[in-house]
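The primary structure of each chain is shown beneath.
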2 protein chains.
Amino acid sequence: MDFEIAEQNIVDFEKIEKIKKVLPQDDLIFEIAELFKVFGDSTRMKIISSLLEDELCVGDIAVLTNSTPSAISHQLRVLKQTKLVKYRKEGKIVYYSLDDEHVREIYEKGREHIEEV
Amino acid sequence: MDFEIAEQNIVDFEKIEKIKKVLPQDDLIFEIAELFKVFGDSTRMKIISSLLEDELCVGDIAVLTNSTPSAISHQLRVLKQTKLVKYRKEGKIVYYSLDDEHVREIYEKGREHIEEV
DNA sequence: TAAACATATGAACAAATATTCATATGAAAG
DNA sequence: CTTTCATATGAATATTTGTTCATATGTTTA
């Protein structure tokens, strides 16, 4: 009798079981990945870099990033949805700022990695 | 005389100039974004989560992530290129492990953000 | 109230990218 | 030395995603 479905490639079954137990749930891992995906774009990264310095309105961010206000608005929506930025309105002008100290910390860690390697 | 090229949308010119001076260079921002892009994928995030526990070979990672060894191998290449994982060979088996304490720190910060919001 | 302005939004297009499949490489075992 | 096994890799495909363009919303000013 030959088993077609071999336990192929598994080197250490016990180790796998042990790690399986402590691994975060799929949906948590998914959410973490989604968060980092937001950091993983040059335009958004530049927006974040800028907002690390001061609150800014859409038009000013567009100038700083060499983008169009439309493109920036789209990206700010992404940052808003992920709770990375917040905003306040002053007439027709909307000022955006960072919403979470984690943003700064994550950014710093990323920068450290780049600058050290 | 009318200026076609208006300084449209600029709200605070001085603020912009000030921030422009302290903003990281475009290529640094690009590299940081590229780094986070690597974290921004469920499969790679799961690989990283697993490697936070122990070193693992390709086959075992494939099992843990419900992926094929081929897909994992592709992703490990990405993680290798970004200096996030290192490996050691033992015969035909290749063991991967995290290459940088930043990986753990970045992961933790991301997780904190998700779990607090 | 009409015009100008800042921002937002939806659809469409182009570019990037993760997985699959077939195959290659290189090591261990028979 | 031939087969089996673990991993790697290239090409192709399918999906995701960022930007653009046109237009909408809402606010200020003329």
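Within any chain, residue numbers begin from 1 and follow the written order of that chain's sequence. Each chain is given a letter, starting from A, and each ligand a number, starting from 1, according to the order in which they appear as written. Where totals are concerned, whole chains, interfaces and linings use all residues; where local detail is concerned, this predicted model gives features only for residues with pLDDT of at least 70, and gives and counts side-chain atom pairs only at 80 or more. Values shown for side chains rest on all heavy atoms present in the structure; no hydrogens or waters enter the calculation.

A. Highlighting the overall build of chain A. For helices the rule is a DSSP run of H or I covering at least 4 residues; for strands it is a run of E covering at least 2, with both sets numbered from the N terminus onward. When helices and strands are counted, chain A shows six helices and three strands. Along chain A, from the amino end to the carboxyl end, the secondary structure elements read α-α-α-β-α-α-β-β-α. The globule rule is 2.2 Å times the number of residues to the power 0.38, and the radius of gyration it is compared with is taken over C-alpha atoms. For chain A, whose C-alpha radius of gyration is 21 Å, the value lies well above the compact-globule estimate of 13 Å for 117 residues. In terms of overall dimensions, chain A has a C-alpha envelope of 75 × 30 × 25 Å along the principal axes. Burial statistics for chain A: of 117 residues in total, 45% are counted as buried. What makes two residues a contact is simply this: any of their non-hydrogen atoms within 4.5 Å. Taking the contacts inside chain A whose residues are at least 6 apart along the sequence as the reference set, 47% of them involve residues at least 24 apart. In the form shown here, chain A has an accessible surface area of approximately 6700 Å², with 47% of it arising from carbon and sulfur atoms. Counting 17 positive and 24 negative side-chain charges, chain A places the averaged centre of each group 7 Å from the other. Type-normalised accessible area, obtained with a 1.4 Å probe on protein chains alone, sets the label of each residue: buried when under 20%, exposed when over 50%, and partly exposed for intermediate values. Method for areas: the Shrake-Rupley scheme with a 1.4 Å probe, in which residue coverage is limited to the protein chains shown. Lys and Arg are tallied as positive, Asp and Glu as negative. Neither His nor the chain termini are counted. Taken as the charge location is NZ of Lys, CZ of Arg, CG of Asp or CD of Glu.

B. How the structure looks around the pattern of salt bridges. We define a salt bridge as a side-chain nitrogen of Lys or Arg found within 4 Å of a carboxyl oxygen belonging to Asp or Glu. Applying the stated criterion to the full structure yields 14 salt bridges over all chains. Note that A:Lys46 and B:Asp26 form a salt bridge whose closest N and O atoms lie 2.7 Å from each other. With one member in each of two chains, A:Lys46 in helix α3 (residues 42-51) and B:Asp26 in helix α2 (residues 26-39) form a pair that bridges those chains. Residue classification places A:Lys46 among the buried residues on the basis of a relative accessible area of 10%.

C. Layout of the sheet that holds strand β3 (residues 93-98) of chain B. Residue and element names in this part refer to chain B. Here, a strand pair is defined by DSSP locating no fewer than two bridges between the strands. Strand order in the open sheet formed by three strands is β1-β3-β2, with antiparallel pairing between adjacent strands. Each end of this open sheet is capped by a strand with a single partner; those strands are β1 (56-57) and β2 (85-90). Relative to β3, β1 runs antiparallel, the two being bridged by two bridges. Note on β3: the bridge partner recorded for Leu 56 is Tyr 96.

D. Spatial organisation of the pairing of β2(B). Of the strand pairs in this sheet, β2(B) and β3(B) are connected by six bridges, and their pairing is antiparallel. Bridge pairing in β3(B) links B:Glu90 to B:Ile93.

E. Broad picture of the interface of chain B and chain A. Contacts between the two partners involve 58 residues from chain B and, on the opposite side, 58 residues from chain A. In total, about 5200 Å² of surface goes out of reach between chain B and chain A, with carbon and sulfur atoms giving 72% of it. Between chain B and chain A we count four salt bridges in total. A salt bridge links B:Glu105 to A:Lys109, with the nearest nitrogen and oxygen atoms 3.0 Å apart. Counted as a polar contact is a pair of N or O atoms within 3.5 Å, where, for protein atoms, one must be capable of donating a hydrogen and the other of accepting one, and residues adjacent in sequence contribute only when both atoms are in side chains. On inspection of chain B and its partner chain A, the count reaches 13 residue pairs in polar contact (both at pLDDT 80 or more). Of all the elements in the fold, those that place two or more residues in the side of chain B that touches chain A are α1 (13-22), α2, α3 (42-51), β1, α4 (58-65), β3 and α6 (101-116) of chain B. The element contributing the most residues to the side of chain B that touches chain A is α6(B), with twelve residues. Note on residue classes: Ala, Val, Leu, Ile, Met, Phe, Trp, Tyr, Cys and Pro are nonpolar, Asp, Glu, Lys and Arg are charged, and everything else, Gly too, is polar. Here the side of chain B that touches chain A is built from residues that sort into 28 nonpolar, ten polar and 20 charged. As a working definition, buried area equals the accessible area (1.4 Å probe) given up by two parts on being put together, with both sides summed.

Shape descriptors only; they carry no functional weight alone.
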